[in-house]
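The residues making up each chain are set out below.
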Amino acid sequence: MRQNMKAIISCAIALLASCSLALAQEKKETAKEAEYQFTTIKENPITSIKNQYRSGTCWCFSALSFIESELLRTQNKTYDLSEMWVVGHAYSDRAKKYVRLDGKMGFSAGSGFGDVFTTISRYGIVPESVYSGYNYGSEKPEQAELDAVLKAYVDAVLKAQSGRGNVLTTAWHKGLNAVIQAYMGDWTKEFKEGNKTVTPETYRDEVLKFNADDYVNICSFSDQPWYKECEIEVCDNWRGSKGYNVPSEDMMKILYNAIDKGYTALWGGDVSEKGFTRDGLGVILKPKKDEKKTGSDQEHWVGKDKDSDKKEVELTLPEEIDSVSDSLRLSAYDRKMTTDDHGMHIYGYAQDQNGTKYFMVKNSWGDSGKYKGIWYMSDTFIRYKTLNFVVNKEALPKDIRKKLGL
């Protein structure tokens, strides 16, 4: 009897273990099936992933990544251009405008894409190997100290001005440039390119053959006239760059057309959404009941718990909002739910196992996240959270280009 009882207990334990194992296996397979599985539809060449590290210079990293892809397309050659060459000269120009406007504008590390194109047009460009810009004992950008010093400097210049009968000295801007170059290195006047000596300007014109006029800025604000230029109204757009204003349907048509034709796009927009994770995903989640949605800048979500994001977004494949209208886009912008957070580089698109399309986007945070520096941002995310993007004029569909008069 005891032996029979032991046999029954042993069988029960074995059956329980078997059921538990099967349950665990089923749960594991369900989780695996719930993960995003992307299939690339169209992918255009990009250069290596860079890292903006501890600097607010995504606008420059993404813009130069875009230009490097353009050079890959036109020359079939890989270039690595100097971000800090652009950042330093842009800071110099911005300081001059800040003082001229008596400090009535923003002065920070953030900027817009127009800043990069204007700076290269004015001062040329150099390779990263010629000018790294890290003259302060670091191998990566760490600019908190420089940012603080430059802001204090321009504010001190304005304050001291009142003690001189509101007349500026002739030295203040030279002094500011000296500070920039102390941190970043002296601005290169000429360097060797192969067997030839070039300047930053001749490198731009003769080697890269780069022309800023080949590119257009696209935006979509329904309170502005369609198919006309309008200013991108965000604080970091201190140069007052304008964009061609088109309905969101045309905005998306331009993006897909560009990628299909072998072009890439320089994207700027909001990444404060809960569905934008540290693990390489960007989706617009349907809000939970009674959930309050607020806009915020990049810092708010950078500190999010990684595991929490993964559990909510990656393993559940939540449904996105049903549709995005031009009025919804404008409402989110006006209510600060869509803010000017980040610049990235769109180079392709894919679809998940449900057939939902995602843009493939190169980031500038190094080899991070599940996809090693690449983000998959859904069609809905891009449609809803885009502030502006830059493309080559030739990437525009003919009908839209005609409407824009280009």
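Residues numbered from 1 in each chain as written. Predicted model: local features only at pLDDT ≥ 70, side-chain atom pairs only at ≥ 80, totals over all residues. Heavy atoms only, no water.

### Considering the packing of aromatic side chains
Move 1: Summed over all chains, the structure comprises 22 aromatic pairs.
Move 2: The interplanar angle of 0° and the centroid separation of 3.9 Å between the aromatic rings of Phe-38 and Tyr-376 together place this pair among those described as stacked. Of this pair, Phe-38 sits in the loop between α1 (2–34) and β1 (39–43) while Tyr-376 sits in strand β11 (residues 374–378), placing them 338 residues apart in sequence. Here the two residues Phe-38 and Tyr-376 agree in accessibility, since each one is buried.
Move 3: Arranged with centres 5.7 Å apart and planes meeting at 45°, the rings of Phe-117 and Tyr-215 form a pair that is tilted. With Phe-117 in helix α4 (residues 113–123) and Tyr-215 in strand β4 (residues 215–219), this residue pair connects regions lying 98 residues apart in the sequence. (Phe/Tyr/Trp six-rings, centres within 6.5 Å; stacked < 30°, edge-to-face > 60°. Helix = DSSP H or I, 4+ residues; strand = E, 2+ residues; numbered from the N terminus. Buried < 20%, exposed > 50% of the residue type's maximum accessible area, 1.4 Å probe, protein only.)

### Quick word on helix α5 (residues 144–161)
Quick reminder: α-helices carry 3.6 residues per turn. Residues three or four places apart thus point the same way.
Move 1: Here α5 spans 26 Å end to end across 18 residues, near enough to the 26 Å set by a 1.5 Å rise per residue.
Move 2: Of the residues making up α5, those classed as buried are Leu-146, Asp-147, Leu-150, Val-154, Val-157, Leu-158 and Gln-161. Considered in projection along α5, the buried side chains sweep an arc of 105° and stay on one side of the axis. Set apart from the buried face of α5 by more than 90 degrees, the exposed residues are Ala-144, Glu-145 and Lys-159.
Move 3: Contacts from the buried residues of α5 go to α3 (83–100) and α6 (172–184). (Expected span 1.5 Å × (residues − 1). Arc of directions from axis to C-beta. Contact = heavy atoms within 4.5 Å.)

### Concerning the packing of α4 against helix α7 (residues 200–208)
Move 1: Contact pair α4 / α7: the axes reach a minimum separation of 7 Å and the direction vectors enclose 105°. Our classification of the angle between α4 and α7 gives roughly perpendicular. Facing α4, whose interface residues are Ile-120, Ser-121, Arg-122 and Tyr-123, α7 presents Pro-200, Glu-201 and Arg-204.
Move 2: Of the residues contributing to the contact of α4 with α7, the split by class is three nonpolar, one polar and three charged. (Axes fitted to C-alpha atoms, helices over the stretch in contact; angles between N-to-C directions. Parallel < 35°, antiparallel > 145°, perpendicular 65-115°, else oblique. Nonpolar A, V, L, I, M, F, W, Y, C, P; charged D, E, K, R; others polar.)

### Here we look at unusual backbone geometry
Move 1: Even without being a glycine, Asp-102 presents a positive backbone phi close to 55°.
Move 2: Looking at the secondary structure, you find Asp-102 in the loop between α3 and α4.
Move 3: Under the relative-accessibility criterion, Asp-102 is labelled partly exposed at 47%.
Move 4: Even without glycine at this site, Lys-336 takes up a positive phi of about 65°.
Move 5: Here Lys-336 shows up in the loop between α11 (326–334) and β9 (342–351).
Move 6: You can call Lys-336 exposed: its relative accessible area is 57%.

### Things to note about a negative patch on the surface
Move 1: A cluster of like negative charges, contributed by Asp-223, Glu-231, Glu-233 and Asp-334, occupies part of the molecular surface.
Move 2: Along the chain, the position of Glu-231 falls in strand β5 (residues 229–231). (Patch = residues over 30% accessible without salt bridge, like charges linked within 9 Å, V, L, I, M, F, W, Y side chains within 5 Å. Areas by Shrake-Rupley, 256 points an atom, 1.4 Å probe, with all protein chains shown as cover. Salt bridge = Lys/Arg side-chain N within 4 Å of Asp/Glu carboxyl O. Lys, Arg positive; Asp, Glu negative; His and termini not counted. Charge placed at Lys NZ, Arg CZ, Asp CG, Glu CD.)

### Considerations on the environment of Ile-382
Move 1: Residue placement: Ile-382 occurs in helix α12 (residues 379–385).
Move 2: On the basis of relative accessible area, Ile-382 is assigned to the buried category, the value being 0%.
Move 3: Along the sequence, Ile-382 and Leu-255 sit 127 residues apart, while their C-alpha atoms lie 9.8 Å from each other.
Move 4: In this view, Ile-382 contacts Met-251, Met-252, Leu-255, Trp-267, Ile-346, Phe-359 and Met-377; residues no more than four positions away in its chain are not counted.

### Some details on the confidence of the model for the chain
Move 1: Per-residue confidence for the chain gives a mean pLDDT of 88, with 84% of residues at or over 70.
Move 2: Taken as a whole, residues 5–33 scores under 50 in pLDDT and shows three contacts with residues more than four places along the chain or in a different chain.
Move 3: Confidence drops under a pLDDT of 50 for residues 290–302, and excluding neighbours within four residues, the segment shows 22 contacts in the predicted structure. (pLDDT = per-residue confidence, 0-100.)

### Quick notes on the nonpolar core
Move 1: Residues Ile-67, Leu-81, Val-86, Val-116, Phe-117, Tyr-203 and Leu-208 are the most contacted members of the largest nonpolar core, which totals 53 residues.
Move 2: Among the secondary structure elements, those contributing two or more residues to this core are α2 (58–75), α3, α4, α5, α6 and α7.
Move 3: Ranked by the residues each element gives to this core, the list is headed by α3, at nine residues.
Move 4: What Tyr-203 contacts, discounting residues up to four positions off in sequence, is Tyr-79, Leu-81, Ile-125, Val-126, Pro-127, Phe-191, Glu-193, Val-198 and Leu-208.
Move 5: Met-251, Ile-284, Ile-346 and Phe-381 belong to the second-largest nonpolar core, a separate cluster that totals 38 residues. (Core = buried A, V, L, I, M, F, W, Y, C linked by side-chain atoms within 4.5 Å.)

### Quick look at the side chain of Asn-217
Move 1: Along the chain, the position of Asn-217 falls in strand β4.
Move 2: From its side chain, Asn-217 meets the backbone oxygen of Lys-242 in a polar contact 3.4 Å long.
Move 3: If we ignore the near neighbours within four places in the chain, the residues touching Asn-217 are Ile-232, Lys-242, Gly-243, Tyr-244, Asn-388, Phe-389 and Val-390. (Polar contact = N/O pair within 3.5 Å; in protein donor to acceptor, adjacent residues only side chain to side chain.)

### A look at the packing of α2 against α4
In a pair of packed helices, the angle between the axes and the distance between the axes together describe the arrangement.
Move 1: Interhelical geometry of α2 versus α4 gives an angle of 60° and a closest axis separation of 8 Å. By crossing handedness, the relation of α2 to α4 is classed as right-handed. In contact with Trp-59, Cys-60, Ser-62, Ala-63, Leu-64, Phe-66 and Ile-67 of α2, α4 contributes Phe-113, Asp-115, Val-116, Phe-117 and Ile-120.
Move 2: Partitioning the contact of α2 with α4 into residue classes produces ten nonpolar, one polar and one charged. (Left-handed = near helix turned anticlockwise from the far one by under 90°.)

### Topic: the pattern of salt bridges
Move 1: Using the criterion set out here, one finds 17 salt bridges in the structure.
Move 2: Where Asp-155 meets Lys-151, a salt bridge forms, and the shortest distance between an N and an O atom there is 2.6 Å. Linking Asp-155 with Lys-151, this pair stays in helix α5, spanning four residues, or about one helical turn.
Move 3: When its relative accessible area of 28% is taken as the criterion, Asp-155 is described as partly exposed.
Move 4: Salt-bridge contacts for Lys-196 lead to Glu-206; the nearest nitrogen and oxygen are separated by 2.7 Å. Taken together, the residues span a long stretch of sequence, with Lys-196 in strand β3 (residues 196–198) and Glu-206 in helix α7 at a distance of ten residues.
Move 5: Among the charged side chains, a salt-bridge network with shared partners connects Asp-93, Asp-115, Arg-122 and Arg-239.

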